[in-house]
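In case you want the letters, here they are:
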Amino acid sequence: MTITKRKILGTIAYTVPAFFALVIVAIVLFVMTYIVIGGWDSLTMDFLLGSPEEGMTKGGIFPAIFGTFLLVVIMSLAGVPVGTFTAIYLSEYASQKSILARLIRFAVNTLAGVPAIVFGLFGLGFFIQFVGAGVDKTLYNDGMLHWGQPNILWASLTMALLTLPVVIVAVEEAIKTVPRELREASLALGATKWQTIRKVVIPNSITGMLTGGILAVSRGAGEVAPILFTGAAYFLPHLPSGLSDQFMELGYHIYIMATQSPDVEATRGIQYATTLVLLLLTFALNFSAIFLRYRLRKRIIT
Amino acid sequence: MQPKKITNTMMKKRFRLSEFLAEKLITATAFMSFTFIVLIFIFVFRETLPIFSAPDEIAATEELGEQETYGNIVLTDAERAVEEKQNKSIAAEEGVTAKNLAGDRWQPISGKPKYGLLPLIIGSLKVSLIAVLLAAPIGILAALFTAAFAPKWAKEALKPMIEILAGFPSVVIGFFALVVLATFIQDFFGLEYRLNAFVGGVALSLAVIPIIFTISEDAISAVPKSLTEASLALGATKWQTALKVVLPAATPGIFASVILGVGRAFGETMIVLMATGNAALTSADPFEPVRTMSATIGAEMAEVVFGETHYNVLFLIGSILFLFTFTLNAIAEIFVRQRLMKKFSGN
């Protein structure tokens, strides 16, 4: 191979991958710019704090924001403790060879790969049709549907399940950053295992746990498929007042407004603005997670 | 687990209730995540069972029109029991035969419902194929650039971009595809249908790129330094090393990333629901609308009567999706674990 040929090939081999890397950057910036420009004008205080009016062609999206907030709060309350405990078990208690630990790891991996819509089916089949209907039958038994129908509790629990692997992976990663010397020092001082976990491991990995929680919230706020038929409502004149109420949600609102509303073109402004709100929300969450993780990594180096 | 050994060997363990409870509680909680997977299996498959218990030989009857009368009526227990029985008998009469499911028509809401899954499977495959064909080169080459060539500043600029892309909610990508991308592609190619498999595939590739990129990048970075250094020491240039040493060594990981990308594309719902037009056609033309399996569940589940055949068939579609992605994940896992181990352990 001549020198020039080598040089030309080298340039190609370098530029083509660089070009594709640039393509990704361009895509991200393009999508973001487009949505920001499209939604900026409609994004007012009244829009954020108002309710939909005139058949959702005017007004704000406060109920959807509130519903999303409620969804992620209930989801976190249910999912984060379970995820954290699982991560503690995997990294502190289980020996890597134990069958139980391997089963759990396998389950977490599988859970992470299950399509979001299948979680929705599970929520419908298990929470609503099995648990909910079971509760109705045993507690009320009046033929009315109380819990055996889509509501915010079942939607949140379904979402908690979906975000469980996110929490587990993040917390485990955080726990791994706690130096072994710290644990050993604690144990050498006579502390028990649980005391060590409580007083040494958890305080030292709290940032990571926070990261896990934030990432889960970001994921949960962005997913729509699992709540399509487990609790999200097209339009509600009032905010959900209890766990057995349905709710409006940002992502679902975008989907509905963009595909099912009677006059899709007339509400473009609202659609863009709602998308922008959801995008900003997930960004804010993701960035704080990235920032926390960055601080965590810095700690490992020093 | 080093600490455990120290406590065990250096002092006698005294029974402490709090220790015991903490360990048992944490173990039990951890076990829950395993239980959930089992429950998902059970409860998604359980709802498909009525299909298989229906007798095969009886074809669809004309009585079906009456079936849709009970919708949102509040029922007493007795009535509900009757309804359930009716549903069961109707399901039996309908006889969702294997022939019906293998048909090429998806018309679940009609006098004689047709539950042919073929158009949906074709739809899912078509959209996923387009998405992965687009995302794989972009993701893999960008990963190669990041791991092998990029200066530090480029790396640090690119990674957050990928995280942002991965953080885009799928409904946002779907919205973008529906409003912007579809019009652009229609004008560019002069297409008849605004929403079609190609638009869905392009949009879906945005969701697949981060997966392929991240896992490929991991695989490429994991190639031992000794290999690259040996190659460079033998006089190979940086790009020769990258293409002929690093890339082949990272192949199993890259392959796994593509498989996982296929899994993601296959299971993704909101993007295809919003961007593919949702017409259950069986054609090979990428510019015609399609209806994918996941989009069918997403669009129809909210409107079906619980326990009806249509409902069960939707769960069957979900089970197929579940099994398919499960298999893909398992294959990817095996590839990453075993092949990489073998390759790098030196023998």
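The rules we used
- Residues numbered from 1 in each chain as written.
- Chains lettered and ligands numbered in written order.
- Predicted model: local features only at pLDDT ≥ 70, side-chain atom pairs only at ≥ 80, totals over all residues.
- Helix = DSSP H or I, 4+ residues; strand = E, 2+ residues; numbered from the N terminus.
- Buried ≥ 20, exposed ≤ 12 C-beta atoms within 10 Å, placed from the backbone.
- Contact = placed C-beta atoms within 7 Å.
- Nonpolar A, V, L, I, M, F, W, Y, C, P; charged D, E, K, R; others polar.
- Expected span 1.5 Å × (residues − 1).
- Domains from an automatic or database assignment.
- Bend = angle between axes of the 7 residues up to and from the residue.
- pLDDT = per-residue confidence, 0-100.
- Axes fitted to C-alpha atoms, helices over the stretch in contact; angles between N-to-C directions.
- Parallel < 35°, antiparallel > 145°, perpendicular 65-115°, else oblique.
- Left-handed = near helix turned anticlockwise from the far one by under 90°.

1. Some details on the overall build of chain A
What chain A contains, in helices and strands, is 11 helices and two strands. Beginning at the N terminus, the succession of helices and strands in chain A can be written as α-α-β-β-α-α-α-α-α-α-α-α-α. On the principal axes, the C-alpha backbone points of chain A span a range of 70 × 65 × 35 Å. With 302 residues in all, chain A has 49% of them scored as buried. Sequence-distant contacts, at least 24 apart, represent 76% of the contacts inside chain A between residues at least 6 apart.

2. Focus on the overall build of chain B
Summing up its helical and strand segments, chain B has 15 helices and two strands in all. When the 347 residues of chain B are sorted by exposure, 44% land in the buried category. Considering only contacts within chain B whose residues lie at least 6 apart along the sequence, 76% involve residues at least 24 apart.

3. Thoughts on the environment of A:Ala112
All names here are of chain A. Here Ala 112 lies in helix α4 (residues 99-113). For Ala 112, a count of 14 C-beta atoms within 10 Å puts it in the partly exposed group. The spatial distance from the C-alpha of Ala 112 to the C-alpha of Thr 163 is 8.2 Å, given a sequence separation of 51 residues.

4. Looking at the interface of chain B and chain A
Taken together, the contact pairs 79 residues of chain B with 74 residues of chain A. If you tally residues by element for the side of chain B that touches chain A, the top one is helix α2 (residues 17-46) of chain B, at 19 residues. The residue inventory of the side of chain B that touches chain A, partitioned by class, reads 52 nonpolar, 18 polar and nine charged.

5. Remarks on helix α7 (residues 152-167) of chain B
Compared with the 22 Å implied by 1.5 Å per residue over 16 residues, the 23 Å span of α7(B) between its first and last C-alpha is a close match. Regarding α7(B), the residues found buried are B:Leu158, B:Ile162, B:Ile164, B:Leu165 and B:Gly167.

6. Focus: unusual backbone geometry
For residues other than glycine, phi is negative in most cases, and the peptide bonds are mostly trans. Residues and elements named next belong to chain B. The phi dihedral of Asn 278 falls on the positive side, at around 55°, and the residue is not glycine. Secondary-structure assignment places Asn 278 in the loop between α13 (270-275) and α14 (293-300). Take Asn 278: there are 21 C-beta atoms within 10 Å of it, and that puts it in the buried class.

7. Concerning the domain arrangement of chain B
Interfaces are often sized by the amount of accessible area the parts lose when they come together. In terms of domain boundaries, chain B breaks down into domain 1 (15-46) and domain 2 (118-345). Here the C-alpha centre of domain 2 of chain B lies 33 Å away from the C-alpha centre of domain 1 of chain B.

8. Points about helix α6 (residues 152-176) of chain A
Each α-helix turn comprises 3.6 residues. Residues three or four places apart therefore point the same way. Its 25 residues give α6(A) an end-to-end C-alpha distance of 35 Å, which sits within 8% of 36 Å, the value for a rise of 1.5 Å per residue. At A:Thr163, α6(A) is deflected by roughly 45°, the largest bend along its length, and proline A:Pro165 occurs up to four residues later in sequence.

9. Considering the confidence of the model for chain B
All names here are of chain B. With 80% of its residues at a pLDDT of 70 or more, chain B has an overall mean of 81. No element of chain B has a lower mean pLDDT than helix α4 (residues 77-94), at 50, and none a higher one than α13, at 94. Long-range and interchain partners of residues 56-76, a stretch whose pLDDT sits below 50, account for 24 contacts in this model, where long-range means more than four residues apart. Note that pLDDT drops below 50 for residues 88-93; the model gives that stretch nine contacts with residues more than four away or on any other chain. ipTM for the predicted complex: 0.90, alongside a pTM of 0.86.

10. Section: the packing of helix α3 (residues 62-93) of chain A against α2(B)
Any two packed helices are characterised by the angle at which their axes cross and by the distance between the axes. Packing of α3(A) against α2(B) leaves a shortest axis separation of 8 Å and a crossing angle of 110°. Of the possible angle classes, the one that applies to α3(A) and α2(B) is roughly perpendicular. Helix-helix and strand crossings are classified by hand; for α3(A) and α2(B) the assignment is left-handed. Listed contacts from α2(B) to A:Val82, A:Phe85, A:Thr86, A:Ile88, A:Tyr89, A:Leu90 and A:Tyr93 of α3(A) are B:Glu23, B:Ile26, B:Thr27, B:Thr29, B:Ala30, B:Met32 and B:Ser33. Of the residues belonging to the contact of α3(A) with α2(B), the class tally is nine nonpolar, four polar and one charged.

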